[in-house]
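Listed below are the residues making up each chain.
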Amino acid sequence: GTKSKIREPSETQDGSTCTCAASCSPGRVPCPNSQMASSRQSGQGLPLLRSLMQDKKTDWQRARRAATRICEADYTCRDFFDDCTAAFPELGLYLLGTQESVAVAGESMAGRTAAQARVTIGGRSSGDEYQRTMGALLSFFWLMRLGLEGSDSFSFGVNDGSWDPKLPPSDPSLHSEEIKRRVAFRKNANWSDMHKLLEDAGIMKSQVIVASESHHDPERTLAMLSLTAYHDIMKIQALLPTVQKEHGNWCGFKVGEVIDDHDAALGYVLEKFPEIL
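Parameters at a glance
- Residues numbered from 1 in each chain as written.
- Predicted model: local features only at pLDDT ≥ 70, side-chain atom pairs only at ≥ 80, totals over all residues.
- Heavy atoms only, no water.
- Axes fitted to C-alpha atoms, helices over the stretch in contact; angles between N-to-C directions.
- Helix = DSSP H or I, 4+ residues; strand = E, 2+ residues; numbered from the N terminus.
- Left-handed = near helix turned anticlockwise from the far one by under 90°.
- Contact = heavy atoms within 4.5 Å.
- Nonpolar A, V, L, I, M, F, W, Y, C, P; charged D, E, K, R; others polar.
- Salt bridge = Lys/Arg side-chain N within 4 Å of Asp/Glu carboxyl O.
- Buried < 20%, exposed > 50% of the residue type's maximum accessible area, 1.4 Å probe, protein only.
- Core = buried A, V, L, I, M, F, W, Y, C linked by side-chain atoms within 4.5 Å.
- Polar contact = N/O pair within 3.5 Å; in protein donor to acceptor, adjacent residues only side chain to side chain.

Novice: Let's hear about the packing of helix α3 (residues 60–69) against helix α4 (residues 77–87): which residues, and what values?
Specialist: The contact between α3 and α4 brings their axes to 8 Å, and the two run at 145°. Between α3 and α4 the crossing geometry is left-handed. Touching Arg62, Ala63, Arg65 and Ala66 of α3 are Asp79, Phe80, Asp82, Asp83, Ala86 and Ala87, all from α4. Among the residues forming the contact of α3 with α4, the class breakdown is five nonpolar, no polar and five charged.

Put into C-alpha cells, the structure is as follows:
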C-alpha cells in the first residue's frame with residue numbers, strides 16, 4: 001500500500017485538531033482539513049449534506065493544476081495530494097462519521113445513530129473509505145506517469161516524508177514474501193495495456209503532433225479526478241437522500257424512501273440537486 005508523511009494522530013493536513021485518529025495512523029495518508037467534519041450539524045440525508053457543503057466550493061485553480069501538471073516530471077506525488085485535497089471539499093465528507101456524535105435538533109437522526117454514520121454501506125469505516133478514495137486518486141496519478149516513477153510507486157508504494165517510490169533492497173536475499181510479490185508484479189504487469197486503457201479513454205494521447213503539446217487531455221483528466229474524489233461519498237449512511245415528493249418515484253425508489261444504493265443516491269443528488277456538490 002501507499003505511505004505518506006505521517007503526522008501525530010491529533011493533527012490533520014493543515015495542522016488543525018483531528019477527530020479521526022484511525023484515519024491518520026501510520027501507513028495512511030493524512031486526513032483533509034477537519035473543519036467540515038468537526039462542525040456539529042443537524043438533520044439527515046439531503047438537509048445534512050446541504051448543511052455540510054454550505055459555502056464549500058471546488059477550488060478549480062488547484063484542480064486544474066493537478067489535471068494539467070499530472071504528467072510533469074517536477075510535479076510530485078505530494079504536490080498532487082495537496083492539490084486534490086485542497087480542490088475537492090467533498091473529501092471532507094468521509095470524515096463525517098468520525099465524530100463521536102452527530103447533533104440533531106432534539107431527536108435522533110430518524111433512527112440513524114452516530115455509529116451508523118461511522119460505518120458505511122460497504123461495512124467499512126468512513127475513514128477507510130477516505131483512504132480507499134485517496135488510494136484511487138494516487139493510483140491514477142501513478143498510471144499517468146508510467147514513463148516516470150509511476151510503475152515503481154504503483155508497485156511498491158512511497159516513502160514517508162519524501163513521497164518517492166519505496167524501492168525494495170537491491171539484495172534479493174533481503175526481500176520478504178510481500179516484497180517478492182511486489183517485485184514480480186512490477187516485472188510482469190502489462191503496463192502497456194494499462195497505458196492503452198488511458199488512451200482508449202481519451203485521457204492520454206496516442207500521438208503528439210507538436211513537441212510542446214501535452215501528452216494528455218487536461219479536461220478529461222480533470223473529469224476523472226472530480227469523479228474519483230466524490231464517487232463514493234454516498235456510502236456514508238447519514239448522507240443517503242430520500243426521494244422528494246416533487247420528483248415522484250425515481251429509478252425504482254418510491255417517494256419518501258431512502259435511496260440506499262450509494263451509486264443511485266449520488267445520481268439522484270447530481271440529477272436533482274447539482275448545486276449541492
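Alright, that's what it looks like, and here's the rest.
Novice: Any chance you could break down the pattern of salt bridges for me, citing the residues and the numbers?
Specialist: Overall, the coordinates contain 17 salt bridges when judged by the stated rule. Ionic pairing is found between Arg64 and Glu219, a salt bridge with its closest N-O pair at 2.6 Å. In this pair, Arg64 sits in helix α3 while Glu219 sits in helix α10 (residues 218–230), placing the two residues 155 residues apart along the sequence. Given a relative accessible area of 37%, Arg64 falls into the partly exposed group. Classification of Glu219 by relative accessible area gives partly exposed; the value is 47%. Two residues, Asp83 and Arg65, come together in a salt bridge whose shortest N-O distance is 2.5 Å. In this pair, Asp83 sits in helix α4 while Arg65 sits in helix α3, placing the two residues 18 residues apart along the sequence. When its relative accessible area of 0% is taken as the criterion, Asp83 is described as buried.

Novice: Quick rundown of the nonpolar core? Include the residues and the values.
Specialist: Residues Phe80, Met234 and Leu239 are the most contacted members of the largest nonpolar core, which totals 61 residues. Looking at this core, the elements with two or more residues in it are α2 (45–53), α3, α4, α6 (126–143), α9 (191–200), α10 and α11 (262–272). With sequence-adjacent residues up to four places away left out, Met234 is seen in contact with Leu49, Ile121, Leu239, Leu240, Pro241, His262, Ala265, Leu266 and Val269.

Novice: Lay out the side chain of His262 with the relevant residues and their values.
Specialist: Relative to the assigned elements, His262 resides in helix α11. Within polar-contact distance, the side chain of His262 engages the side chain of Asp263 at 3.2 Å. Excluding residues within four positions of it along the chain, His262 makes contact with Ile121, His231, Asp232, Met234 and Lys235.

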